Amino acid sequence: MIKLDQISLPIKYSENDILSAICKKLKIKSDNIQKYEIVRLSIDARKKPNVKYVANIGVSLKNNLEDRFSNLRYEKTTRTLCYEKKSSKENIYVIGFGPSGIFASLALARMGLNPIIIEQGKMVEDREQDVLKFWNERKLNKFSNVQFGEGGAGTFSDGKLNTNLNNEYCKIVINELIAFGAPKEIGYIHNPHIGSDKLKKVVKNIREHIKSLGGKFMFSTRLVDIEVLDKTIKSITVENVETNDRQTFPADKVFLAVGHSAKDIFRLLYDKGVTLTQKPFAMGVRIEQKQADINKSQYGAEKIDGLPNADYKLVAHLPSGRSIFTFCMCPGGQVVASSSEEGEIVTNGMSYFARDKENANSAVLINVTPQDYGSEHPLAGIEFQSKYEKLAFELGGKNFNAPAESVGSFVYNKNIETDINCSYRPNITLCKIEKCLPDFVVAGLKEGLPLLNNKLKNFAKDENLLIAIESRSSCPLTIVRDENYESSVRGLYPLGEGAGYAGGIMSSAQDGIKVVESIYNKI
């Protein structure tokens, strides 16, 4: 196979358009083409509104014609997680079944190591009912919610597969997701996403596959204690969150994939002497806009038939030395209530695969450093988060309403009412949101929002809505591990976003695979 780059295609391209472009590029006739496939597809909107697609296309030719184009040789990566199975009597546990835990468990199961997965939340189909009950009735299940449960926080945030990484592991993760039911488009579209609706099916399929290979699951079960002897893990104690029954199991290897919101686990690790360090993160708000406005700014038209709703990614550096940036952008999506504890407000964004709702949203964040925490304690960042999440809860009315304010009111103190049909459930409370944000975050947002609006018209127009508080962009601590991926307690392997080594589905999944592979040759 050979690969042709930068092939221009019309928005409503057909097979004939692709074949014609290939023939023109190679100066051959169409009957010499055996097959083709799109390797990458992105949007070129530089000449608005004359938007087009740009594709990289893999082509197989007949009659040894590929020999004429040896400089274009291309080999498609089809690798998945495949290992020679081993036998072991070790007791191996994975704590948490978010992206890093899912792929760590999948790798362990393929290795024949029969992992036992401990997840404090419910299976994804039951978890969804708990989430909807919270959004519709304000009844929070602190063990099964947007943050906790099968699939992790990413299950209710669009299933974005964006990453700054570009390596073999990226392709492995994509191939596995497609094999378990993710849309095939994620293999080639720019900034791929699965969608929260389709991701649930993928997660369930992976779970059933792991079970078929000998893995076991304990849902609604949380880690409450670890026994450490001579700086080595000896056992774990777990508790069923519905019955409060406790069990203690011998443990040889524990893969800790708990996610960035597992405050109880971080406190347990600190009490057990596991080395933790502070880490920067970011804090801010969700901004909600009319998707038609974003489309007009990006494409030159409110809607172009054949194009998905437009996205964006923005950043600006502030005179203070901090930065303002967008994160987890959801075209055609909704802002979601993501609290995991009573008395705290946390927001996030979500969209389905179709991304066809009327609003766009994204986090708008200011970087936070350990110097802002006011303490050198390893858990100071967690307490910093909680302080402002509690203030947001009080400001919203102590009923899980999120504090919200129009951009014009927040930035310019104008009497501007929002024209956004806010998607946040259960509801919002219009107020002065600066009362639940750190002073430096308020200053950074007021200074930075106009700068971002200069980069993308309509991004921060006066009528757009700011919803507080976005505080779980990443974990504010790191569970320190050595070159063998072990923590200061031997046999305890921190991984993924909650351990401070990833950010998002793709990097978390890769970290889970890499950590597990590090022990494969030692079994």
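Quick look at the structure, then. The numbering scheme is per chain: residues are counted from 1 as the chain's sequence reads. Residue-level local features of this predicted model are given only where pLDDT is at least 70; pairs of side-chain atoms are given and counted only at 80 or more, and the full residue set underlies all totals for whole chains, interfaces and linings. To get the side-chain values, all heavy atoms of the structure are used, and hydrogens and water are removed first.

**Section: unusual backbone geometry**
With an omega dihedral of -5°, the bond running from K48 to P49 counts as a cis peptide bond. In this structure, the amide linkage connecting A468 to the following residue, I469, adopts the cis form with an omega of 15°. Despite not being glycine, S220 has its phi angle at roughly 50°, a positive value.

**Considering the sheet that holds strand 13 (residues 315–317)**
Here is the rule we go by: The pairing criterion for strands is at least two bridges between them, as found by DSSP. Secondary structure follows DSSP: runs of H or I at least 4 residues long count as helices, runs of E at least 2 residues long count as strands, and numbering of each begins at the N terminus. Convention adopted: a line fitted to C-alpha atoms gives each axis, helices being fitted over their contacting stretch, and angles between N-to-C directions are expressed from 0 to 180 degrees. In this analysis, two residues are considered to be in contact whenever any of their non-hydrogen atoms come within 4.5 Å of each other.
The strand order across the open sheet formed by 7 strands is 13-14-17-12-20-18-19, and the pairing between neighbours is mixed. Each edge of the open sheet carries a strand with a single partner, namely strand 13 and strand 19 (428–430). Adjacent strand axes in the sheet meet at a mean angle of 30°, parallel and antiparallel pairs treated alike. When strand 18 (residues 402–406) meets strand 20 (residues 465–470), the two strands line up antiparallel, connected through 3 bridges. For E405, the partnering residue across the bridge sits in strand 20 and is L466. Helix 7 (residues 291–299) rests against strand 12 (281–290) and strand 17 (359–368) of the sheet, and its axis sits at about 95° to strand 12. Each of strand 12, strand 13, strand 14 (323–330), strand 17 and strand 20 touches helix 10 (residues 439–455); the most contacted strand, strand 17, lies at about 130° to it.

**Notes on the side chain of K200**
Which entries qualify depends on this criterion: Nitrogen and oxygen atoms within 3.5 Å of one another constitute a polar contact, given that in protein one can donate a hydrogen and the other can accept it, and given that sequence-neighbouring residues count only through two side-chain atoms.
Mapped onto the elements of the fold, K200 is located in helix 5 (residues 196–212). Within the structure, the side chain of K200 is placed 2.7 Å from the side chain of E128, a separation counted as a polar contact. The contact partners of K200, leaving out residues within four places of it in the chain, are V124, E128, T155 and F156.

**A few points about the packing of aromatic side chains**
Applicable threshold: Between 30 and 60 degrees the pair is tilted, below 30 it is stacked and above 60 it is edge-to-face, where a pair is any two Phe, Tyr or Trp rings, Trp via its six-membered ring, whose centres lie within 6.5 Å. Burial here depends on accessible area, computed with a 1.4 Å probe over protein chains only, as a share of the maximum for the residue type. Under 20% is buried, over 50% is exposed, and the range in between is partly exposed. We call a charge positioned over a ring when the NZ of a Lys or the CZ of an Arg lies within 6 Å of the ring centre and within 35 degrees of the ring normal.
Applying the stated criterion across every chain yields a total of 14 aromatic pairs. Taken together, a centroid distance of 5.0 Å and an interplanar angle of 25° make the contact between F255 and Y493 stacked. A residue pair is termed long-range when its members are at least 10 positions apart, and F255 in strand 10 (residues 253–256) and Y493 in strand 22 (residues 492–494) qualify at 238 residues. There is no split in this pair, since F255 and Y493 are both buried. Above the face of the Y412 ring, K414 is positioned so that its terminal group lies 5.1 Å from the ring centre. Sitting over the face of the ring of F410, K446 holds its NZ or CZ atom 5.5 Å from the ring centroid.

**Focus: the pairing of strand 8 (residues 232–240)**
For strand 8, the buried fraction is high: 7 of the 9 residues fall into the buried class. Taken together, the 8 bridges between strand 7 (residues 221–229) and strand 8 define a ladder with antiparallel strand orientation. Residue pairing for strand 8: V228 is matched across the bridge by I233. What sits between strand 7 and strand 8 in their antiparallel hairpin is a turn of 2 residues, with D230 showing a positive phi close to 55°.

**Remarks on the pairing of strand 9 (residues 246–250)**
For strand 9, a buried count of 0 out of 5 residues is recorded, marking the element as mostly open to its surroundings. Two strands pair when backbone bridges link them, and strand 8 and strand 9 are joined in this way by 5 bridges, in the antiparallel orientation. Each bridged residue has a counterpart across the sheet, and for I236 the counterpart in strand 9 is F249. In this structure, the hairpin formed by strand 8 and strand 9 is closed by a connection of 5 residues, where N244 is found at a positive phi of approximately 65°.

**Things to note about the packing of helix 4 (residues 168–179) against helix 11 (residues 505–520)**
For clarity, the cut-off: By definition in this entry, angles of less than 35 degrees are roughly parallel, angles greater than 145 are roughly antiparallel, angles of 65 to 115 are roughly perpendicular, and the rest are oblique. Here the term charged refers only to Asp, Glu, Lys and Arg, the term nonpolar to Ala, Val, Leu, Ile, Met, Phe, Trp, Tyr, Cys and Pro, and the term polar to all other amino acids, Gly among them.
Two elements in contact, helix 4 and helix 11, have axes separated by 10 Å at closest approach and are oriented at 105°. On the basis of their axis angle, the class for helix 4 and helix 11 is roughly perpendicular. For the pair helix 4 and helix 11, contact is made by Y169, C170, V173 and I174 and by M506, A509, Q510, I513, K514 and E517, respectively. Each residue belonging to the contact of helix 4 with helix 11 can be placed in one class, and the counts come to 7 nonpolar, 1 polar and 2 charged.

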